[in-house]
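# Descriptive structure summary
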Amino acid sequence: MQDVGGDEDWHLYAQAVDSSSLSRDLTPFKVLVGLNRRDPRCFDMHRLNISTGELQLDTENPGDVVAWYADADFQVRAALAMNPSNGSKTLRVRQGPDAAWSDLITWPQQEEGRVVCFAKDGRAIYVLDPSLQADFKLLVSFKGADADLSVEARSLDGSVWLVAYSRDDAATEYCVYDRSAAAAGAGAAGALRFLFVNRPELSSYKLGRRHPVLLQARDGVTLPSYLTLPPLPSTPKTLLPQSPEPSGPGAQGWGSVSGLQLPLVLFVHGGPWARDGWGLDSTAQWFANRGYAVLQVNYRASSGFGKRFLHLGDGQWGVGTMQHDLSDAVAWAVAAGIADKERVAIYGGSYGGYACLAGLAFTPELYCCGVDIVGPSHVATLLGTIPAYWAPMKRMLVDRIGDAEGDDGLNRRISPLYHAAAMRAPLIIAQGANDPRVKRAESDQIYNALKGKGLEVQYFLYEDEGHGFARPPNRLDFCSRVDHFLAKHLGGRAEPPLNMQLAQSMAAAVAVAVRAWG
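What this report covers is the structure whose coordinates are included nearby. Per chain, residues are indexed from 1 in the order of the written sequence. Since the coordinates come from a predicted model, pLDDT governs what is reported: local features require at least 70, and pairs of side-chain atoms require 80 or more to be given and counted, while whole-chain, interface and lining totals use all residues. Working from all heavy atoms in the structure, the side-chain values ignore hydrogens and water.

## Quick notes on the sheet that holds strand 8 (residues 89-93)
The line we're drawing: Two strands form a pair only when DSSP identifies at least two bridges running between them. Secondary structure counts use DSSP, requiring at least four H or I residues in a row for a helix and at least two E residues in a row for a strand, with both numbered from the N terminus. Note on method: axes are straight lines fitted to C-alpha atoms, helices fitted across the in-contact stretch only, with angles between N-to-C directions ranging 0 to 180 degrees.
Taken together, the four strands give an open sheet; going across it, the order is 6-7-8-9, and neighbouring strands pair in antiparallel fashion. Unpaired on one side and paired on the other, strand 6 (65-70) and strand 9 (102-107) mark the two borders of the sheet. Put simply, the sheet's adjacent strands are angled 20° from each other on average, direction ignored. Where strand 8 and strand 9 come together, five bridges link them in antiparallel fashion.

Here it is in structure tokens:
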């Protein structure tokens, strides 16, 4: 599967494993594939003969279906539809390919629901077997509480499992678990066999710990967050308690980090209906390696903490409580003595990029610099230019953000573009030219509004990227630029700049693909 230059128009290709021939585009597509070639607003299901490339329509979208589900016999048996008038979601099912659809359950816009899978007979769904509880308890005991366990695969008879242990400061470890040996009391040595780690080169580096911390917003809402500290002699080697209280001195207490006065990067996740989680985060480790504390906040509207927390963010972009949560987290880090209030940067992509612009515009006193990656600057134009296949979700976006297209006052309040005059901190703007979600115009217009103010504003447009940066040369180029930008304004370390020899070894891709202003 591959798109072109980040445009998210995905095609399936066939390629000889010995690369003896050019790849063959099998799209439009015996696999099931959704295509929106009949109507760009919705995806019909097709069957593709991989050998011949023949494509046959299987199920036509009535216009409101956003997801399809097949049973074990490869028949499309379920569909998730969204009501554009109220944002509700309905699960539809049918007995077979020629049967009529019927509504099974409807979730209001404020609630979440999802399909797990069909059973082999197509009449039931799978659930977790309580008899496996003892296995999970045993597997956790083998590696301790500082590792997250996941089951990646199981043999057909369920006697052998492939399991993975992930950590915040090490690569993921894969092992084979023998249930029969475990039942016989073999213990870890006999029941668990090490296979490999996915990134063995990380073993030569000392990585920072990622401390879960429960912060309190100004109105008392609890914000599940993560603080990654650089691996310095003065920082804790074990995880701190989730509550920052009590904060008195002690090797295990938050008093042990008071007085660090580190430069801080507030790293804001995108979505915004997504979340940060515990584990190895390459961006956080990059910043920690440079000597920065990294704070990641699950502000209200983040997913995974219940529908009340999710919908506390409705209508709260920009000047509302979603942005207040970020400000309150910075205030906590400064008050706790972890962060130097004069050296705080805000960094993020997509909604995180918007939060960066909003932070610099609405709370300019908090941040000494910012990095905005594919962030919208004008909410009305964001909503007015969403991809055609997002049309069924438009009602949800309006309910959660606000009707910025129809309410000019709201749009002006929450769009950083109208508050550019208040921005005073140095800024990097980075954009993919082919981004179908946050169009290039979002970055163009905020850059044009700022360039005449005399601020240090750098704008990097990657011509062959979309919503984020996927090509390794572009990622290296972007990281090098940010590395030196943050070193200049936060005082941390930076790698030497990319040299011409490296650029040439990458076929001059960066020189061709990047347009830089500022």
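## Focus on the packing of aromatic side chains
The line we're drawing: Within 6.5 Å between ring centres, the rings of Phe, Tyr and Trp (the latter by its six-membered ring) count as paired, and their orientation is classed by plane angle as stacked under 30 degrees, edge-to-face over 60, tilted in between. For every residue, the accessible area (1.4 Å probe, protein chains only) is compared with the maximum for its type, and the residue is labelled buried under 20%, exposed over 50%, or partly exposed between those bounds.
Within the structure shown, the criterion is met by 17 aromatic pairs. Centre to centre, the rings of Tyr351 and Tyr354 are 5.5 Å apart; their planes meet at 40°, and the pair counts as tilted. Note that Tyr351 and Tyr354 are positioned in helix 7 (residues 351-362) at a spacing of three residues, about one turn of the helix. With respect to burial, Tyr351 and Tyr354 carry one shared label: buried. For the ring pair Tyr462 and Phe469, a centre distance of 4.8 Å and an interplane angle of 45° mean the geometry is tilted. Each member of the pair, Tyr462 as well as Phe469, is classed as buried.

## Comments concerning the layout of surface pockets
The cut-off we apply is this: Grid points spaced at 1 Å and placed over the protein atoms alone form the basis of the search, with a cavity being a set where a 1.4 Å probe fits but cannot get out and a pocket an open set showing protein on both sides within 12 Å along at least five of seven lines. Lining residues have an atom within 4 Å of a point. Grid points are joined across faces, edges and corners, and a volume is the space filled by probe spheres set on the points. Under the scheme applied, nonpolar residues are Ala, Val, Leu, Ile, Met, Phe, Trp, Tyr, Cys and Pro; charged residues are Asp, Glu, Lys and Arg; polar residues are all the others, including Gly.
Looking at the largest pocket, its volume works out to about 1,300 Å³. What lines the largest pocket is a set of 39 residues, among which Ser282, Thr283, Trp286, Arg475 and Cys479 lie closest to the centre. Of all elements in the fold, only strand 16 (262-268), helix 4 (282-289), strand 18 (339-349) and helix 12 (472-490) reach the threshold of two or more residues within the lining of the largest pocket. Looking at the lining of the largest pocket, the element that brings in the most residues is helix 12, giving seven residues. Across the lining of the largest pocket, the residue classes break down as 18 nonpolar, 13 polar and eight charged. If you add up the space inside the second largest pocket, you get close to 820 Å³. Lining the second largest pocket we find 33 residues, and of these Trp273, Met393, Met396, Leu397 and Arg400 sit closest to its centre. For the lining of the second largest pocket, the secondary structure elements donating two or more residues are strand 6, strand 7 (76-82), helix 5 (307-311), helix 8 (379-384) and helix 9 (394-401). The element best represented in the lining of the second largest pocket is helix 9, accounting for four residues. For the lining of the second largest pocket, the class distribution of residues is 20 nonpolar, seven polar and six charged.

## Considerations on the environment of Asn36
For the record, the criterion: What makes two residues a contact is simply this: any of their non-hydrogen atoms within 4.5 Å. Within 3.5 Å is the distance limit for a polar contact, defined as a pair of N or O atoms, with the added protein rule that one can donate a hydrogen and the other accept it, and that residues adjacent in sequence qualify only through two side-chain atoms.
By secondary structure assignment, the location of Asn36 is in the loop between strand 3 (31-35) and strand 4 (44-48). A relative accessible area of 22% means that Asn36 is categorised as partly exposed. Separated by 25 residues in sequence, Asn36 and Asn61 have C-alpha atoms that sit 9.3 Å apart. Asn36 has contacts with Cys42, Phe43 and Tyr389, leaving out every residue within four places of it along the chain. At a separation of 3.1 Å, a polar atom in the side chain of Asn36 contacts the main-chain carbonyl oxygen of Pro40.

## Re the pairing of strand 6
Pairing analysis gives five bridges linking strand 6 to strand 7, with the strands arranged antiparallel. Residue pairing across strands places Trp68 opposite Ala79, the latter belonging to strand 7. Once strand 6 ends, the chain turns through five residues before running back antiparallel as strand 7, passing Phe74 with a positive phi of about 70°.

## Description of the pattern of salt bridges
Convention followed: Salt bridge criterion: a side-chain nitrogen from Lys or Arg within 4 Å of a carboxyl oxygen from Asp or Glu.
Counted according to the given criterion, the structure contains 28 salt bridges. One salt bridge in this structure joins Asp328 and Arg218, with 2.7 Å as the shortest N-O distance. With Asp328 in helix 6 (residues 321-335) and Arg218 in the loop between strand 14 (210-216) and strand 15 (222-228), this residue pair connects regions lying 110 residues apart in the sequence. Using a relative accessible area of 13% as the deciding quantity, one classes Asp328 as buried. Note on Arg218: relative accessible area 57%, which makes it exposed. Among the salt bridges present, the one from Asp408 reaches Arg412, with a minimum N-O distance of 2.9 Å. Of this pair, Asp408 and Arg412 are both found in helix 10 (residues 408-414), four residues apart, which corresponds to roughly one turn of the helix. For Asp408, a relative accessible area of 44% translates into the label partly exposed. Among the residues examined, Arg412 registers a relative accessible area of 41% and is labelled partly exposed. Look at the salt bridges and you will find they share partners, linking Asp146, Asp168, Asp169 and Arg209 into a network.

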